[in-house]
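Here is how the chains run, residue by residue.
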Amino acid sequence: MLNRTNWSPILHLKPSISKWVFRKRYLFRVYCSFITLAVVCGLIIILKIQENMTHDFKDYNNNKDSNFCDLYDGSWVLDDSYPLYNASQCPFAEASFNCLGNGRKDNVYVKWRWKPKRCEIVRFDVGGVLEKLRGKRVVFVGDSLSRTQWESMICLLMTGVENKTSVYEVNGSKISKKIRYLGVRFSLHNFTVEFYRSVFLVGIGSVPRHAPKRVRSTIKLDELDGVSEKWVDSDILVFNMGHWWNRAKLFEMGCYFKVNGRLKLGMSTMAAYTTALNTWASWVENMVDTDRTRVFFRTFEGSHWSGPKGHTCNVTENPLVQSKSEYNEYRSQFSDIIKEVVSNMSVPVTAMHVTPMGSYRSDAHVGTYSDNPTVPDCSHWCLPGVPDAWNEILFSYL
């Protein structure tokens, strides 16, 4: 506000000039007040929009309305139109997952289709999907279960390509679990479907000096895998993580956790998993353009090991009528962490909650029908099989 001293030069001016000066100052103050009010209102509107968007993202994954279509609440139904492809005719399906090709006699397990209770999954239209993916880049990141879904997607899409030689691995590599990067090009439709092996999503670290002898390697929970820069420039990005987070593949192998360069010898697996997942979430929020890239995180897949030490693999002929708690409880802890972290993210990410649907499929595991029948397998799935349902759900989002 003007004081008396500030007025004195103006009082000596002619009345008309004095009024003109006062009027200009008054209008300038009104103008400034208007601009300030507009800026404040604009900020309030932006914050409200962001709040509503975040609320919508959470509702997208957590809606409990009775009319909401929960794609993951349903059952397996027989459908004679399945399977959707023949693994023996797909050069990108690993021999270890081709159960029929490895001598499995019963084939009913390939004829089950996932049916949500209150809706239908969009019927797989290979021509439509090929067109949707034209010019795009699809990237899968995770462990061997992610690679299985990657192989399933390629085999599904190849059924719509007449010239099979137009589909090829970009480096001429043979599909193998030992290769960290695999990329298959659909040249006629100008898109690639890629897989990056990153079983922890975060980085592998060195062993600090003076660490206990039992420590032979470390996992840097607060740093994403160094290859993550290659994931960013994609249109569809699908993650999974979980099968390596157990004592046999961690502590018994001398692998321990590290945060801020310091060993965390007493940290539990679940606490470490949560920390790693939050590191991943922060990376997505800051590095991925979610206006362009659709991001998915598939929850932990059911396995069906049994017996006193969990080393028995009994592959049944039909799905379980009711999911058994011992097949689901441990895996649900990982899935609950995934759903919670995703629901708290500030950008749109879809949690594909496939854990319950897989818990019924004790019939669909590789068992002894791999290229190495002496080693039973109740973790991985036969192809065709359960991973095809994951991809049908993924396609339905598109």
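This structure is a prediction, so every number in the text was calculated from the model and none was measured.

Novice: Mind laying out the overall build of the chain, listing which residues take part and the relevant values?
Specialist: A tally of helices and strands in the chain yields eight helices and 17 strands. Here the chain holds 398 residues, and the buried ones make up 46% of them. The contacts in the chain between residues at least 6 apart in sequence include a share of 77% that link residues at least 24 apart. In the structure as shown, the chain presents an accessible area of about 20,800 Å², 54% of it carried by carbon and sulfur atoms.

Novice: Before we move on, could you go through the pattern of salt bridges and cite the residues and values that matter?
Specialist: Any two side chains of opposite charge can pair, so long as their charged atoms come close to each other. Considering all chains together, one arrives at 17 salt bridges under this definition. A salt bridge links Glu 94 to Arg 147; the nearest nitrogen and oxygen atoms lie 2.4 Å apart. Taken together, the residues span a long stretch of sequence, with Glu 94 in the loop between strand S1 (74-78) and strand S2 (112-116) and Arg 147 in helix H4 (residues 144-158) at a distance of 53 residues. Residues Glu 94 and Arg 147 agree in their burial class; the two are buried. When salt bridges with common partners are traced through the structure, they connect Asp 79, Arg 113, Lys 115, Glu 120 and Arg 123 into a single cluster.

Novice: Provide a residue-level description of the nonpolar core, including the pertinent values.
Specialist: One finds Phe 140, Trp 150, Leu 157, Phe 186, Val 193, Met 357 and Ile 393 to be the most contacted residues of the largest nonpolar core, which totals 58 residues. Broken down by secondary-structure element, the contributors of at least two residues to this core are S2, helix H3 (126-132), strand S3 (137-142), H4, strand S5 (181-186), strand S6 (191-197), strand S9 (236-239) and helix H8 (386-397). A per-element tally of this core places H4 first, with eight residues. The residues contacting Met 357, other than those within four sequence positions of it, are Tyr 72, Trp 76, Trp 114, Ala 389, Trp 390 and Ile 393. With 46 residues, the next largest nonpolar core counts Trp 231, Val 259, Val 284 and Ala 351 among its residues.

Novice: Lay out the environment of Glu 94 in plain terms, naming residues and giving numbers.
Specialist: Its relative accessible area of 9% is what places Glu 94 among the buried residues. In this structure the C-alpha to C-alpha distance between Glu 94 and Lys 174, which are 80 residues apart in sequence, comes to 9.3 Å. Leaving out residues up to four positions away in the same chain, Glu 94 has contacts with Arg 147, Glu 151, Ile 175 and Lys 177. At 2.4 Å, the side chain of Glu 94 and the side chain of Arg 147 are in polar contact.

Novice: Explain the sheet that holds strand S12 (residues 294-298) residue by residue, including any values.
Specialist: The seven strands are arranged S4-S5-S6-S3-S9-S12-S15 in an open sheet whose pairing can be described as mixed. With partners counted over all chains shown, the strands left at the sheet margins are strand S4 (167-169) and strand S15 (349-352), one partner each. Going from strand to strand, the sheet's axes swing by 15° on average, the running direction of each strand aside. As judged from the three bridges shared by S4 and S5, these two strands associate in the antiparallel manner. Within S5, the position partnered with Glu 169 by the bridge is Val 184. With respect to the sheet, H4 is in contact with S3, S4, S5, S6, S9 and S12, its orientation differing from that of S6 by roughly 165°.

Novice: I'd like a description of H8, backed by residues and values.
Specialist: Compared with the 16 Å implied by 1.5 Å per residue over twelve residues, the 18 Å span of H8 between its first and last C-alpha is a close match. For H8, the tally of buried residues reaches eleven of twelve residues, placing the bulk of the element in the interior. The complete set of buried residues in H8 reads Val 386, Pro 387, Asp 388, Ala 389, Trp 390, Asn 391, Glu 392, Ile 393, Leu 394, Phe 395 and Tyr 397.

Novice: How would you explain empty space enclosed by the protein if you had to name every residue and give the values?
Specialist: The method is simple in principle: a probe with the dimensions of a water molecule rolls over the atoms, and the space it marks as empty is what remains. Scanning the model with the defined rule gives one cavity of 30 Å³ or more in all. Put simply, the largest cavity is a space of about 90 Å³. Along the walls of the largest cavity sit 15 residues, with Tyr 82, Val 110, Trp 112, Gly 385 and Asp 388 positioned nearest its centre. With four residues, H8 is the single largest residue contributor to the lining of the largest cavity. For the lining of the largest cavity, the per-class residue count stands at ten nonpolar, one polar and four charged.

Novice: Break down the packing of aromatic side chains for me, citing the residues and quoting the values.
Specialist: With the rule as written, the count across this model stands at 20 aromatic pairs. With centroids separated by 5.2 Å and ring planes inclined at 65°, the aromatic side chains of Trp 76 and Trp 114 adopt a geometry described as edge-to-face. Highlighted residues: Trp 76 in strand S1 and Trp 114 in strand S2, separated in sequence by 38 residues. Here the two residues Trp 76 and Trp 114 agree in accessibility, since each one is buried. Ring geometry for Phe 200 against Trp 244: centres 6.1 Å apart, planes inclined by 85°, an arrangement best described as edge-to-face. Residue Phe 200 is found in the loop between S6 and strand S7 (202-205), and its partner Trp 244 is found in the loop between S9 and strand S10 (255-259); the two are separated by 44 residues along the sequence. Taken together, the aromatic side chains of Phe 200, Trp 244, Trp 245, Phe 251, Tyr 256, Phe 257, Tyr 273, Phe 300 and Phe 334 make up a single cluster linked through ring pairs. Seen from the ring of Tyr 109, Arg 104 lies directly overhead, with NZ or CZ sitting 3.9 Å from the centre.

Basis of the calculations
Residues numbered from 1 in each chain as written. Predicted model: local features only at pLDDT ≥ 70, side-chain atom pairs only at ≥ 80, totals over all residues. Heavy atoms only, no water. Helix = DSSP H or I, 4+ residues; strand = E, 2+ residues; numbered from the N terminus. Buried < 20%, exposed > 50% of the residue type's maximum accessible area, 1.4 Å probe, protein only. Contact = heavy atoms within 4.5 Å. Areas by Shrake-Rupley, 256 points an atom, 1.4 Å probe, with all protein chains shown as cover. Salt bridge = Lys/Arg side-chain N within 4 Å of Asp/Glu carboxyl O. Core = buried A, V, L, I, M, F, W, Y, C linked by side-chain atoms within 4.5 Å. Polar contact = N/O pair within 3.5 Å; in protein donor to acceptor, adjacent residues only side chain to side chain. Pairing = 2+ DSSP bridges. Axes fitted to C-alpha atoms, helices over the stretch in contact; angles between N-to-C directions. Expected span 1.5 Å × (residues − 1). 1 Å grid on protein atoms, 1.4 Å probe; cavity = no way out; pocket = protein on both sides within 12 Å on 5 of 7 lines; lining within 4 Å. Points joined across faces, edges and corners; volume = space filled by probe spheres on them. Nonpolar A, V, L, I, M, F, W, Y, C, P; charged D, E, K, R; others polar. Phe/Tyr/Trp six-rings, centres within 6.5 Å; stacked < 30°, edge-to-face > 60°. Lys NZ or Arg CZ within 6 Å of the ring centre and 35° of its normal.

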